[in-house]
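# Descriptive structure summary
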Amino acid sequence: MNAATAEVLRRLANVRPDGTGWNAKCPAHDDARNSLHVAEGTSGAVILHCHAGCDARDVIAKAGLKWCDLYVAGSGRRGDVKGSRPWGEVVATYDYVDEDGTLLYQVLRDEHKNFRQRRWKPGADPGEDAWIYNLEGARRLLYRLPEVVSAIALQKAGTYPYPIIVCEGEKDVDNVATLGLIATTNSGGSLKWTDGHTKQLAGARDVAILPDNDEPGLKHANAVAAAIAGSVGCVRILKLPDLPAKGDVSDWIAAGGTRDHLLKLAAGGEPFVPPSKRFTSIAVGAFTFAGRTYAKPRSLLGNGLLSAGDLAFLYGRPGLGKTWAALQFALSAVRGEPWFGIPTATGGVRAGILELELPAHVLQERLRAVAGEAGLSERDEGLSFVSRPHLRGAVDVLDNEQWAAWFELVRDPRLDVLIVDALSRVHHVDENHAADFAPVLGRFDELRHETGAAVVVVHHEPKPPSGKGFADDMDALRGTSRMASDANVLMRLARVGHGNGPLVLRFPKVNN
């Protein structure tokens with residue numbers, strides 16, 4: 001006898017064992033004899049059958065029980081989700097029906113956001129435990145399949161000019177449907193899309209996928225897009241704006257997202273290109289290539305010494321004044337004033353400094369010193385700071401959850417340049433090992449390419465060879481040679497001669 005059965009029997013009167021389970025007085029009607037039969041299903045679920053004809057729901061209610069009390073939390077029958085809470089009260093039931101509307105299986109969601117799938121046992125007898133809590137042998141369906149079939153036909157006829165929306169969960173589908181749009185999903189969660197789902201969606205002219213705002217969500221969206229790309233006319237992956245971490249389209253709608261806004265995002269979204277066609281889809285001939293107009297990135301320093309979207313390293317010996325130089329550059333760029341005598345962008349830019357070495361009070365003193373007697377004014381609000389003590393905890397450019405914060409730091413104020421001081425404080429890998437350090441460079445590449453902002457990273461020099469200087473300015477950049485090769489711009493702060501010689505800024509590498 002399992003725990004669920006023991007609890008049910010405890011609520012009943014005059015319980016007696018019999019050959020197939022137990023019998024007891026039915027609490028749903030006046031009973032002079034034991035007319036209620038209680039048994040355990042093969043999966044451990046409690047089966048109730050009143051021979052007097054009482055509805056099982058009435059029996060459960062009169063006994064002070066809930067439907068969930070008939071099942072063992074975490075039983076294999078319920079397909080308990082790894083790491084989930086014990087199964088609770090069912091709060092939503094999602095029917096999966098075929099093209100003709102015949103129910104094949106259901107997805108249940110409980111109060112703890114656990115999910116279970118169950119299929120109906122063919123030819124079940126009245127009172128029998130007719131649900132089988134797995135989908136073994138069941139045909140996998142798209143949620144709200146009849147509507148999807150109808151939408152595909154209407155798209156082909158040109159009378160449904162909207163995309164079919166693919167979400168990551170049934171609740172999201174139902175919420176999108178309230179906007180008057182046709183949506184669907186697959187059961188089982190992320191990365192459970194099958195060839196059968198692709199066939200059911202085949203022929204659609206326009207499909208838009210709405211991923212949840214986390215790494216698994218985007219991975220699932222890309223997997224679905226790759227699976228259906230050859231079977232539908234156009235597929236787009238839409239990143240909804242202003243979603244919180246792990247948020248979904250339901251959160252977006254609750255925050256005021258509208259049908260018109262969603263359709264506008266879909267219309268402006270880039271069509272998905274399968275990985276196998278990543279290059280062939282954009283390849284053009286020489287004549288076409290030469291005839292195109294490509295916008296030159298905005299120059300932020302000099303005539304292309306540093307341009308929008310560049311990756312630059314500003315480096316020098318410890319204590320030489322790299323942070324001072326970075327601070328001077330940021331303030332000069334915001335004001336549109338020269339730096340080291342080199343013109344910055346006319347009209348100024350928006351810049352940000354992620355300061356990970358100096359505390360705020362020291363950075364504040366230096367900022368005031370750089371501003372000089374003229375001081376600061378409202379025009380300098382275009383320069384923003386992130387520093388301690390406001391910044392809490394470690395900063396890791398390779399941490400997926402933190403990575404979204406990097407993008408917000410650049411996108412929200414629309415920075416033209418982000419200065420990171422210093423490189424050693426944003427990662428935990430070996431800077432001298434190319435394979436280890438490559439992901440860090442990959443993150444910087446992603447940030448600058450996706451936002452269009454230049455990323456200027458402050459870094460240190462290693463100690464020069466004993467009794468010698470560096471043979472070349474490039475050699476003075478500490479770490480793997482990948483840094484120098486991947487950067488568009490290298491800026492080295494150095495002294496000429498010995499002691500208190502002039503401080504100079506050199507450009508060992510400039511791509512533009």
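To keep things clear, this report deals only with the structure shown in the data block. For clarity, every value in this text was computed on a predicted model and none was experimentally measured.

Rules of the game
- Residues numbered from 1 in each chain as written.
- Predicted model: local features only at pLDDT ≥ 70, side-chain atom pairs only at ≥ 80, totals over all residues.
- Heavy atoms only, no water.
- Salt bridge = Lys/Arg side-chain N within 4 Å of Asp/Glu carboxyl O.
- Helix = DSSP H or I, 4+ residues; strand = E, 2+ residues; numbered from the N terminus.
- Buried < 20%, exposed > 50% of the residue type's maximum accessible area, 1.4 Å probe, protein only.
- 1 Å grid on protein atoms, 1.4 Å probe; cavity = no way out; pocket = protein on both sides within 12 Å on 5 of 7 lines; lining within 4 Å.
- Points joined across faces, edges and corners; volume = space filled by probe spheres on them.
- Nonpolar A, V, L, I, M, F, W, Y, C, P; charged D, E, K, R; others polar.
- Core = buried A, V, L, I, M, F, W, Y, C linked by side-chain atoms within 4.5 Å.
- Contact = heavy atoms within 4.5 Å.

This structure, assessed with the given rule, holds 15 salt bridges. For Arg478, the salt bridge is made with Glu431, and the minimal N-O distance between the two is 3.4 Å. Here the residue Arg478 occupies a position in the loop between strand 19 (454-460) and helix 14 (481-486), and Glu431 occupies one in the loop between strand 18 (417-421) and helix 13 (434-451), the gap between them amounting to 47 residues. The residue Asp473 makes a salt bridge to Arg492 at a minimum N-O spacing of 2.5 Å. Residue Asp473 is found in the loop between strand 19 and helix 14, and its partner Arg492 is found in strand 20 (residues 489-495); the two are separated by 19 residues along the sequence. Residue class for Arg492 comes out buried when judged on its relative accessible area of 10%.

Looking now at the layout of surface pockets. The computed volume of the largest pocket comes to approximately 1900 Å³. Asn213, Leu218, Lys239, Arg411 and Glu446 are, among the 39 residues lining the largest pocket, the residues nearest its centre. Contributions of two or more residues to the lining of the largest pocket are made by helix 6 (215-228), helix 8 (259-268), helix 12 (400-411) and helix 13. Considering each element in turn, the lining of the largest pocket owes the most residues, eight residues, to helix 12. In the lining of the largest pocket, the residues fall into 19 nonpolar, six polar and 14 charged. As for the second largest pocket, its lining consists of 33 residues, of which Phe115, Glu168, Gly188, Gly189 and Ser190 are closest to the centre. For the lining of the second largest pocket, the elements supplying multiple residues, two or more each, are strand 6 (103-110), strand 7 (115-120) and helix 4 (170-177).

Before going further, it helps to spend a moment on the nonpolar core. Formed by 47 residues in total, the largest nonpolar core has its most connected members in Leu201 and Val207. If sequence neighbours within four positions are ignored, Leu201 has contacts with Leu142, Val148, Ile152, Ile164, Val166, Trp193, Val207, Ile228 and Val232. By size, the runner-up hydrophobic cluster in this structure holds 32 residues, among which are Leu301, Val349, Ala351 and Leu383.

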